[in-house]
Amino acid sequence: TAADDVFKIGLILPMTGQQATTGRQIEAAAKLWMAQNGDTVAGKKVQLIVKDDASVPANTRRLAQELVVNDKVNVLAGMGITPSALAVAPIATQSKTPLVVMAAATSSITEASPFIVRSSFTLPQASVALADWAPKNGIKSVVTLVSDYGPGLDAEKFFAERFLFNGGKVMDKLRVPLMNPDFAPFLQKVRDLKPDAVFVFVPSGAGTAVMKQFAERGMDKAGIKLIGTGDVTDDDLLPEMGDVALGVVTSHHYSADHNSPANKKFVEAFEKANKGLRPNFMAVGGYDGMRIIYEALKKTGGKGGGEALLGAMKGQIFESPRGPVFIDAQTRDIVQNIYLRKVEKKNGQLYNVEFDVIKDVKDPGKTK
Ligand code: DHB
């Protein structure tokens, strides 16, 4: 195949280190998309180049540079954490290469480059629904407990502001380091303050540790509820979390238990291709990100370079395994349903079971 007949996607993910579950989920989802939809689009051979950044932003930046300059990729994608996405944004802008952010979820990311399109979600989008639900369901006081970086600060701000607006009381705001966190001293502080609930944001992969230490400190027995964005009851880890997770209420854009034919098909195919691994919200971000790239390539026929491709990504509307979505052409962020969910057992397995939905939620973090 001549170089012109190849379309290259540079997929940078944390395949090792603390965020490795994000990498394995998104890589598996991207491969599933290609297995289901073929590797020839608009007469071009699609080539997926996967690179491991171990979620170190300096690595993400160097890998993106190499992919653009040496491999001449048509699209950059992945971005397991916010600092990685922000490190690559200037490269996307300078090289006019669309960057499809499949995981990172700080609101401001899409403002860091006009070439960024996001298929994941934002923390403000996920947090507000829970702050509306909580005061109506016996939770009048909370302590917030978040990872101390972009998405955590977004979750803290948007949850707390809305909760206060709804008449709730925020007793304290606690921030835990992103790397190698020890939740125990923070949870002890929560225990001493005795709020009705602790609102938690931790990135995907950290939920098990939070849940374990929550149980060890007897927080549930002390009458303190755990609530949060769905990152804490991530479907990758939830099956192994144990009964301490039962009853935890979260708000998020995706549950493997989402009841639609499109999702049932997706979950079944994903589990079959990955030795029973359950897809989580990262997988859906990767799967839909691939769809956005494929559709843009189909529409442009690969003509017009990065700018044409970017243009064809904006405004896409489709049925995702998470429900109906669209890519807002102004913000390049995804507009989607946010679900309230409760952890329950189904056929002996823990799931985030949806019990309410707020439709077509835009990122509340965009003021413009
Ligand atoms: C980010 C990472 C996560 O694993 C997550 O669940 C949400 C946000 C981030 O770094 O943006």
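Residues numbered from 1 in each chain as written. Predicted model: local features only at pLDDT ≥ 70, side-chain atom pairs only at ≥ 80, totals over all residues. Heavy atoms only, no water.

Enquirer: Could you give an account of the overall build of the chain, with specific residues and numbers?
Expert: A count of helical and extended segments in the chain gives 10 helices and 15 strands. The C-alpha radius of gyration computed for the chain amounts to 20 Å, which stays within 12% of the reference 21 Å derived for 368 residues, consistent with globular compactness. For the chain, the spread of C-alpha atoms along the three principal axes comes to 65 × 40 × 35 Å. For the chain, restricting intrachain contacts to residue pairs at least 6 apart in sequence, the fraction spanning at least 24 positions comes to 68%. Carbon together with sulfur atoms contributes 51% to the accessible area of the chain, which is approximately 14,300 Å² in total. Both charge centroids of the chain, one from 45 positive and one from 40 negative side chains, sit 2 Å from each other. (Helix = DSSP H or I, 4+ residues; strand = E, 2+ residues; numbered from the N terminus. Rg over C-alpha atoms; globule rule 2.2 N^0.38 Å. Contact = heavy atoms within 4.5 Å. Areas by Shrake-Rupley, 256 points an atom, 1.4 Å probe, with all protein chains shown as cover. Lys, Arg positive; Asp, Glu negative; His and termini not counted. Charge placed at Lys NZ, Arg CZ, Asp CG, Glu CD.)

Enquirer: A description of the pairing of strand β11 (residues 249–252) should follow, citing residues and the corresponding values.
Expert: With burial as the criterion, each face of β11 is covered, one bearing Val-249 and Ser-251 and the other bearing Thr-250 and His-252. As judged from the three bridges shared by strand β10 (residues 225–229) and β11, these two strands associate in the parallel manner. Residue Gly-228 lies in a different strand from β11, and its bridge partner there is Thr-250. Pairing between β11 and strand β14 (residues 334–346): four bridges, direction antiparallel. (Buried < 20%, exposed > 50% of the residue type's maximum accessible area, 1.4 Å probe, protein only. Pairing = 2+ DSSP bridges.)

Enquirer: Describe in detail the site of the ligand, supporting the description with residues and values.
Expert: Neighbouring the ligand are 14 residues; Thr-82, Ala-105, Tyr-149, Ser-204 and Asp-231 lie closest to it. Within the contact set of the ligand, an oxygen atom lies 2.8 Å away from a backbone nitrogen or oxygen of Ala-105. Asp-231 has a polar side-chain atom sitting 2.5 Å from an oxygen atom of the ligand. If the ligand stood free it would expose 290 Å²; the protein chains cover 100% of that surface. Looking at the shell around the ligand residue by residue, the classes come out as nine nonpolar, four polar and one charged. (Near = heavy atom within 4 Å. Polar contact = N/O pair within 3.5 Å; in protein donor to acceptor, adjacent residues only side chain to side chain. Nonpolar A, V, L, I, M, F, W, Y, C, P; charged D, E, K, R; others polar.)

Enquirer: With reference to specific residues and values, describe helix α1 (residues 20–37).
Expert: For α1, which comprises 18 residues, the first-to-last C-alpha distance of 26 Å matches the rise-based estimate of 26 Å (1.5 Å per residue) to within 8%. Restricting attention to buried positions, one finds in α1 the residues Thr-21, Thr-22, Gly-23, Gln-25, Ile-26, Glu-27, Ala-28, Ala-29, Ala-30, Leu-32, Trp-33 and Met-34. Next to the buried residues of α1 lie β1 (6–13), β3 (44–52), α8 (261–273) and α9 (281–300). One or two steps after α1, the chain reaches Gly-38, where phi turns positive at roughly 80 degrees. (Expected span 1.5 Å × (residues − 1).)

Enquirer: Before we move on, could you go through empty space enclosed by the protein and cite the residues and values that matter?
Expert: The full count for this structure, using the stated rule, is one cavity of 30 Å³ or more. Here the largest cavity defines a volume of roughly 120 Å³. If you trace the largest cavity, you find 18 residues lining it, with Gly-80, Ala-103, Tyr-149, Pro-203 and Met-282 closest to the centre. Its residues placed into classes, the lining of the largest cavity shows 12 nonpolar, five polar and one charged. Built from parts of two domains, the lining of the largest cavity gets at least three residues from each of domain 1 (3–121 + 259–332) and domain 2 (124–252 + 338–361). (1 Å grid on protein atoms, 1.4 Å probe; cavity = no way out; pocket = protein on both sides within 12 Å on 5 of 7 lines; lining within 4 Å. Points joined across faces, edges and corners; volume = space filled by probe spheres on them. Domains from an automatic or database assignment.)

Enquirer: Give a detailed account of the packing of α9 against helix α10 (residues 305–313), specifying residues and quantitative values.
Expert: Orientation of α9 relative to α10, taken along the N-to-C sense of each, is 115 degrees, at an axis distance of 8 Å. Pair α9 / α10 crosses with right-handed handedness. Seen from α9, the contacting residues are Ile-292, Ile-293, Ala-296, Leu-297, Lys-299 and Thr-300; seen from α10, they are Ala-308, Leu-309, Ala-312 and Met-313. In terms of residue class, the contact of α9 with α10 is made up of eight nonpolar, one polar and one charged. (Axes fitted to C-alpha atoms, helices over the stretch in contact; angles between N-to-C directions. Left-handed = near helix turned anticlockwise from the far one by under 90°.)

Enquirer: Could you give an account of the side chain of Ser-204, with specific residues and numbers?
Expert: Among the structural elements, Ser-204 can be located in the loop between β9 (197–201) and α7 (207–216). Polar contacts involving the side chain of Ser-204 include one to the side chain of Asp-234, which spans 2.6 Å. Those residues in contact with Ser-204 that lie beyond four places of it in its chain are Gln-19, Thr-21, Thr-22, Asp-231, Asp-234, Asn-280, Phe-281 and Met-282.

Enquirer: Let's hear about the sheet that holds strand β5 (residues 99–101): which residues, and what values?
Expert: The six strands are arranged β2-β3-β1-β4-β5-β6 in an open sheet whose pairing can be described as mixed. The outermost strands of the open sheet, each flanked by one partner alone, are β2 (40–41) and β6 (116–118). Contacting β1, β3 and β4 (75–78), helix α2 (residues 57–69) crosses the sheet at an angle of about 175 degrees to β1.

Enquirer: How would you sum up the domain arrangement of the chain? Please name residues and give values.
Expert: For the chain, the assigned domains read domain 1 (3–121 + 259–332) and domain 2 (124–252 + 338–361). For domain 1 versus domain 2, the distance between C-alpha centres works out to 28 Å. Across the contact, 22 residues belong to domain 1 and 28 residues belong to domain 2. Contact with domain 2 buries surface across domain 1, with Gln-18, Phe-121 and Arg-278 losing the most and accounting together for 38% of the total. Seen at the junction of domain 1 and domain 2, the total is two salt bridges. Applying the counting rule to domain 1 against domain 2 returns 11 residue pairs in polar contact (both at pLDDT 80 or more). At the level of secondary structure, the elements contributing two or more residues to the side of domain 1 that touches domain 2 comprise α1, α3 (82–95) and α9. (Buried area = accessible area lost by both parts, 1.4 Å probe. Salt bridge = Lys/Arg side-chain N within 4 Å of Asp/Glu carboxyl O.)

Enquirer: Run through the packing of aromatic side chains, naming residues and quoting values.
Expert: With the rule as written, the count across this model stands at nine aromatic pairs. For the pair Trp-33 and Tyr-287, a centre-to-centre distance of 5.1 Å together with 80 degrees between the ring planes defines the contact as edge-to-face. On the criterion of sequence distance, the pair formed by Trp-33 in helix α1 and Tyr-287 in helix α9 is long-range, its members being 254 residues apart. Of the residues examined, Tyr-287 reaches a relative accessible area of 9% and is grouped as buried. Centre to centre, the rings of Phe-159 and Phe-163 are 5.4 Å apart; their planes meet at 20 degrees, and the pair counts as stacked. One end of the pair, Phe-159, and the other, Phe-163, are both in helix α5 (residues 150–165), four residues apart, so they sit about a helical turn from each other. Of the two residues examined, Phe-159 and Phe-163, each falls in the buried class. Following the ring pairs from residue to residue traces out a cluster consisting of Trp-33, Tyr-254, Phe-266, Phe-270, Tyr-287 and Tyr-294. (Phe/Tyr/Trp six-rings, centres within 6.5 Å; stacked < 30°, edge-to-face > 60°.)

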